[in-house]
Amino acid sequence: VALRDKLFASLCERIEGVHINGSMDHRLPNNVNISFEGIESEPLLMALDLEGIYASSGSACSAGSLEPSHVLRAMKFTDERSRASLRFSLSPNTTEEEIGKVVDVLSDQVKRIRKLM
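The model shown is predicted, which means the values in this text are computed figures rather than measured ones. (Residues numbered from 1 in each chain as written. Predicted model: local features only at pLDDT ≥ 70, side-chain atom pairs only at ≥ 80, totals over all residues. Heavy atoms only, no water.)

1. Remarks on the pairing of strand 4 (residues 85-89)
Each regular strand carries side chains that alternate between the two faces of the sheet. The buried fraction of strand 4 amounts to four of the five residues, a majority that puts the element mostly inside the structure. Both strand 2 (residues 31-36) and strand 4 contribute to a ladder of five bridges, which runs antiparallel. Bridge pairing links asparagine 33 to arginine 87 in strand 4. In this structure, strand 3 (residues 56-57) lies alongside strand 4, joined through two bridges in antiparallel fashion. (Buried < 20%, exposed > 50% of the residue type's maximum accessible area, 1.4 Å probe, protein only. Helix = DSSP H or I, 4+ residues; strand = E, 2+ residues; numbered from the N terminus. Pairing = 2+ DSSP bridges.)

2. Section: the nonpolar core
Among the nonpolar cores identified, the biggest contains 24 residues, and Leu7, Ile34, Phe36, Leu86, Phe88 and Leu106 are the most heavily contacted of them. Elements with a minimum of two residues in this core: helix 1 (2-14), strand 1 (18-20), strand 2, helix 2 (41-50), strand 4 and helix 5 (96-116). A total of seven residues in this core trace back to one element, the largest contributor, which is helix 5. Beyond its immediate stretch of four places on either side in the chain, isoleucine 34 contacts Phe8, Leu11, Val18, His19, Ile20, Asn21, Ala84, Ser85, Leu86 and Phe88. (Core = buried A, V, L, I, M, F, W, Y, C linked by side-chain atoms within 4.5 Å. Contact = heavy atoms within 4.5 Å.)

3. Observations regarding the packing of helix 2 against helix 5
Here helix 2 crosses helix 5 at 135°, and the two axes come no closer than 10 Å. Here helix 5 runs oblique to helix 2, going by the angle between their axes. Regarding helix 2 and helix 5, the two cross each other, and that crossing is right-handed. Where helix 2 abuts helix 5, its residues Pro43, Leu44, Ala47 and Leu48 lie against Val105, Leu106, Gln109, Val110 and Ile113. (Axes fitted to C-alpha atoms, helices over the stretch in contact; angles between N-to-C directions. Parallel < 35°, antiparallel > 145°, perpendicular 65-115°, else oblique. Left-handed = near helix turned anticlockwise from the far one by under 90°.)

4. Quick look at the pairing of strand 2
Strand 2 sits mainly inside the fold: six of its six residues count as buried. Burial of strand 2 is two-sided: the residues Asn31, Asn33 and Ser35 facing one way and the residues Val32, Ile34 and Phe36 facing the other way are all buried. Note that strand 1 and strand 2 share three bridges and pair antiparallel. Within strand 2, the position partnered with valine 18 by the bridge is phenylalanine 36.

5. Details of the pattern of salt bridges
If the charged atoms of two oppositely charged side chains come close together, the side chains can form a pair. Per the stated rule, a full pass over the model turns up three salt bridges. The partner of arginine 4 in a salt bridge is aspartate 5, with the nearest N and O atoms 2.9 Å apart. By relative accessible area, which is 5% here, arginine 4 ends up buried. When its relative accessible area of 28% is taken as the criterion, aspartate 5 is described as partly exposed. Residues arginine 14 and aspartate 104 are paired through a salt bridge, measuring 2.8 Å at the closest nitrogen-oxygen approach. Note that arginine 14 is positioned in helix 1 and aspartate 104 in helix 5, a separation of 90 residues in sequence. Accessibility expressed as a relative area gives 37% for aspartate 104, which makes it partly exposed. (Salt bridge = Lys/Arg side-chain N within 4 Å of Asp/Glu carboxyl O.)

6. Observations regarding a negative patch on the surface
Together, Glu16, Glu37, Glu40, Glu42 and Glu80 give the surface a local cluster of negative charge. Positionally, glutamate 40 belongs in the loop between strand 2 and helix 2. Looking at glutamate 40, the relative accessible area reads 46%, which means it is partly exposed. (Patch = residues over 30% accessible without salt bridge, like charges linked within 9 Å, V, L, I, M, F, W, Y side chains within 5 Å. Areas by Shrake-Rupley, 256 points an atom, 1.4 Å probe, with all protein chains shown as cover. Lys, Arg positive; Asp, Glu negative; His and termini not counted. Charge placed at Lys NZ, Arg CZ, Asp CG, Glu CD.)

Structure below.
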C-alpha cells in the first residue's frame, strides 16, 4: 500500500492534471488506476514500454478492447477520461527505485505529449 500511495502522490507532485480513478481507500493494495487530462493513454503506454515499464490502459475488465472501459463508464467517467487512463499493478517485489523510474518517465512523457498537442 505504501508504494502504491507513493506512486500516486509522486505523480501528482510532478504532473498537473493527474486523477485517481476510483477511491484510494477502496481499492486493491497493489493497484493504481489514473488518468491524465488531455492525453490518451496509448502514446504513454508505448513510451513506458520502450523504457521497460509495463502498464495497461482502462480497467482490467476492458483489456485488449479499443472501446472505453465499461467499468470506468459505469463510474460516470467520460469516454475521454476513460481513454486517458493507465493501470499499474505493483508486486511484492516492486522497489522504490522502480516507482521513481515510473514517475520520471511519465513526467517527461506527459510534458512531451502535451507540448505536441
